[in-house]
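A closer look at the structure
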Amino acid sequence: MNSNLYDDFSTTTEHFYDELGKLSECESFFSKKEYKRLKNKIITLLFDSLDTLFKKENITNKVERNELKKEHNAYKEENNTGFSRKAKNLLLTLKNAVKRTKKDSGTTEIRVIEASKSIGQLPPSQQEKEEQTKSSDEMNAENEKEQEIEENSQEEQNGDA
């Protein structure tokens, strides 16, 4: 038999169908028992060869899949296109953008720092806290200056009218 016979499904089935055809032509030379035995033997060989063919095909597919996975992983590492890498980078960006501070009550306040601001610059909520911690004298002085400015602007508007 040809060793390449079982490499293709169509050639394998064609070969065994031809063998069954040849056997049916020679049916008159065999007894019914011998004919049935030979026919069953050819059919058994057909199914055995198909099983072998499918096993070879499965092994070939596994090898091709493993090679494809290796190529894909190499491509991902080369181009940094993996989903997990993008997710990690996004989480690191968010981690750097969000700061948590504990209040006296034990709850957590989350403040978002804008990415465009430099690290040394304080976010608006932290500036407000610093303003609250200023002494009351400084606050009163600033309020008086603001009131004077407002009064001056009102006098100018009244004078213009």
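Quantities reported herein were computed from a predicted structural model and do not represent experimental measurements.

This paragraph deals with a negative patch on the surface. Taken together, the side chains of Glu-144, Glu-146, Glu-148, Glu-150, Glu-151, Glu-155 and Glu-156 present a region of like negative charge at the surface. In this fold, Glu-146 is placed in helix α5 (residues 136–160). For Glu-146, a relative accessible area of 46% translates into the label partly exposed.

Attention shifts here to the packing of aromatic side chains. One pass over the full model with this rule turns up one aromatic pair. Centre to centre, the rings of Phe-9 and Phe-54 are 6.2 Å apart; their planes meet at 20°, and the pair counts as stacked. Linking Phe-9 in helix α1 (residues 9–25) with Phe-54 in helix α2 (residues 32–79), this pair joins segments that are 45 residues apart in sequence. Under the relative-accessibility criterion, Phe-54 is labelled partly exposed at 39%.

A few words now on the confidence of the model for the protein chain. Mean pLDDT over the protein chain works out to 75, with 65% of the residues at or above the 70 mark. Across the protein chain, the element-wise mean pLDDT spans from 56 in helix α4 (residues 124–133) up to 90 in α2.

Scoring rules and cut-offs
- Residues numbered from 1 in each chain as written.
- Predicted model: local features only at pLDDT ≥ 70, side-chain atom pairs only at ≥ 80, totals over all residues.
- Heavy atoms only, no water.
- Patch = residues over 30% accessible without salt bridge, like charges linked within 9 Å, V, L, I, M, F, W, Y side chains within 5 Å.
- Areas by Shrake-Rupley, 256 points an atom, 1.4 Å probe, with all protein chains shown as cover.
- Salt bridge = Lys/Arg side-chain N within 4 Å of Asp/Glu carboxyl O.
- Lys, Arg positive; Asp, Glu negative; His and termini not counted.
- Charge placed at Lys NZ, Arg CZ, Asp CG, Glu CD.
- Helix = DSSP H or I, 4+ residues; strand = E, 2+ residues; numbered from the N terminus.
- Buried < 20%, exposed > 50% of the residue type's maximum accessible area, 1.4 Å probe, protein only.
- Phe/Tyr/Trp six-rings, centres within 6.5 Å; stacked < 30°, edge-to-face > 60°.
- pLDDT = per-residue confidence, 0-100.

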